[in-house]
Amino acid sequence: MERNDFMKKPIFGAGWKMYLSDSEACQLATIINKSTILNDSVESYVLPTFTVLDRVNNILSDCVVNVGAQNMCYEHSGAFTGEVSVRSLVEMGLKYVEIGHSERRSLFNDTHVSINRKVKLALENKLIPILCIGEDLNDKIAMRTNEVLEMDIRTALFGVDYEAAKEIIFAYEPIWAIGQQESAGAEYANNVHMFIRQLLNSLYDESQNGDEFKIVYGGSVTAGNAEQLMKQPHIDGVFVGRSSLDIESYETIFRIVSESQDLK
Ligand code: PEP
């Protein structure tokens, strides 16, 4: 499948997980805010932990970098001790919410059903879901990657119409490539992205060729491999964990993403 001209902005997402204390997150956000190389040719966001979301959002209020949460409850409100509601995220003025990261699926029991509920609730409340999907090593070895992705995507999108699906950022994050020394190979990642695009295209009659869907790659992206990944025609952006915690690699990756149209 050939891609049309790139109509979307390339995307650079940063997932800070639970790496930083609140003061460290504020320090990093302050440095990012002062960066002179950032520009709005990139759709960019950082995802700090809940307790510091409001402060980081204030620090970055005039910055091109947006702020989002790493999770939210699947229910709107009510007796859900320890959860954070979509209402709180919206009241804070956030734009994004990450849903279904593999760590949440494997360690905190996020299921296909709860992920679908979160996706729909986020969309109803005008938050952009960053929907994480990806196969583990066993599935990769058994050549079940496409099967796993199809299940992840079909279940997450149950009851989600075309206009809403176009809002979602699909983050292909092969579990075997997260937190490693090396990312998935760029060509491998591109082929999987192409599969995801074709699948999305087939799910919606309105879709012409799937080009309108936003699909980013995550899993050990660094300043060293970002260019190779961003060169790939089906990779619309990167989602970065550890390499987003250091301002030098953050800026380098940002620059590569911002110049990526020229690479394609
Ligand atoms: C992630 O877990 O979403 C991720 C991309 O992490 P890392 O870049 O550290 O592999």
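Residues numbered from 1 in each chain as written. Predicted model: local features only at pLDDT ≥ 70, side-chain atom pairs only at ≥ 80, totals over all residues. Heavy atoms only, no water.

Asks: Describe the pattern of salt bridges, listing the residues and the values that go with them.
Replies: What the rule picks out here adds up to twelve salt bridges. Here K118 ties to D110 by a salt bridge, and the two come within 3.1 Å at their closest N and O atoms. Take K118 and D110: they sit in the same class, and that class is buried. Here R255 ties to E259 by a salt bridge, and the two come within 3.5 Å at their closest N and O atoms. Taken together, the shared-partner salt bridges connect K8, R197 and D236 into one network. (Salt bridge = Lys/Arg side-chain N within 4 Å of Asp/Glu carboxyl O. Buried < 20%, exposed > 50% of the residue type's maximum accessible area, 1.4 Å probe, protein only.)

Asks: A description of the side chain of S260 should follow, citing residues and the corresponding values.
Replies: Among the structural elements, S260 can be located in helix α12 (residues 260-263). Here V257 takes part through its backbone oxygen, which lies 2.7 Å from a polar atom of the side chain of S260. Residues in contact with S260, not counting those within four places in the same chain, are P10 and M230. (Helix = DSSP H or I, 4+ residues; strand = E, 2+ residues; numbered from the N terminus. Polar contact = N/O pair within 3.5 Å; in protein donor to acceptor, adjacent residues only side chain to side chain. Contact = heavy atoms within 4.5 Å.)

Asks: Summarise the nonpolar core; cite the residues concerned and give the values.
Replies: The tendency in soluble globular proteins is for nonpolar side chains to be buried as a group. Residues I32, V46 and I196 are the most contacted members of the largest nonpolar core, which totals 71 residues. At seven residues, helix α9 (residues 186-203) tops the list of elements feeding residues into this core. Residue contacts for V46: discarding those within four places in its chain leaves A14, W16, I32, V56, L60, V65, N66, V67, G68 and Y250. (Core = buried A, V, L, I, M, F, W, Y, C linked by side-chain atoms within 4.5 Å.)

Asks: Requested: an account of the pairing of strand β4 (residues 96-99), with residues and values cited.
Replies: Burial along β4 is two-sided: the face carrying Y96 and E98 and the face carrying V97 and I99 are both buried. By the bridge criterion, two bridges tie strand β3 (residues 65-69) to β4 in an arrangement that is parallel. Residue A69 lies in a different strand from β4, and its bridge partner there is V97. Regarding the hand of the β-α-β motif, the stretch spanning β3, helix α3 (residues 86-91) and β4 is right-handed. (Pairing = 2+ DSSP bridges. Right-handed = clockwise from strand over helix to strand, strands pointing away.)

Asks: Explain the sheet that holds strand β2 (residues 43-47) residue by residue, including any values.
Replies: What links the strands of a sheet is backbone hydrogen bonding, and the strands pair in either a parallel or an antiparallel sense. One closed barrel holds the eight strands; their spatial order is β1-β2-β3-β4-β5-β6-β7-β8, and the pairing between them is parallel. The mean angle between the axes of side-by-side strands here comes to 25°, regardless of whether they run parallel or antiparallel. Of the strand pairs in this sheet, strand β1 (residues 11-15) and strand β8 (residues 237-240) are connected by four bridges, and their pairing is parallel. Bridged to A14 within β8 is V240. Sitting on the sheet, helix α7 (residues 145-156) is in contact with β5 (128-133) and β6 (169-172), with an inclination near 150° to β5. Set on the sheet, α9 makes contact with β5, β6 and β7 (214-218); between it and β7 the angle comes to about 150°. (Axes fitted to C-alpha atoms, helices over the stretch in contact; angles between N-to-C directions.)

Asks: Hey, could you go over the environment of E124 for me, with residue numbers and the actual values?
Replies: With respect to the element layout, E124 can be found in helix α5 (residues 112-124). Judged by its relative accessible area of 58%, E124 falls in the exposed class. Note: C-alpha distance between E124 and A164 (40 residues apart in sequence) is 8.8 Å.

Asks: So, the site of the ligand: which residues are in play, and what are the values?
Replies: Neighbouring the ligand are K17, H101, E173, I178, G179, G219, S220, F239, V240, G241 and R242. One nitrogen or oxygen atom from the side chain of K17 is found 2.5 Å from an oxygen atom belonging to the ligand. At 2.6 Å from an oxygen atom of the ligand is found a side-chain nitrogen or oxygen belonging to R242. A per-class count over the shell around the ligand returns three nonpolar, five polar and three charged. (Near = heavy atom within 4 Å. Nonpolar A, V, L, I, M, F, W, Y, C, P; charged D, E, K, R; others polar.)

Asks: Can you break down helix α11 (residues 247-258) residue by residue, with the values?
Replies: Relative to the 16 Å expected for twelve residues at 1.5 Å per residue, α11 spans 16 Å between its end C-alpha atoms, a close match to the ideal helical length. Listing the buried residues of α11 in full gives S249, Y250, I253, F254, I256, V257 and S258. (Expected span 1.5 Å × (residues − 1).)

Asks: I'd like a rundown of the state of the cysteines, residues and numbers included.
Replies: Disulfide: a covalent bond connecting the sulfur atoms of a pair of cysteines. In the structure shown here, the tally under the stated rule is zero disulfides. Lacking any disulfide linkage, C26 is separated from the closest cysteine sulfur, that of C63, by 14 Å. C26 sits in the buried class, given a relative accessible area of 12%. Look at C63 and you get buried, because its relative accessible area is 16%. (Disulfide = S-S within 2.5 Å.)

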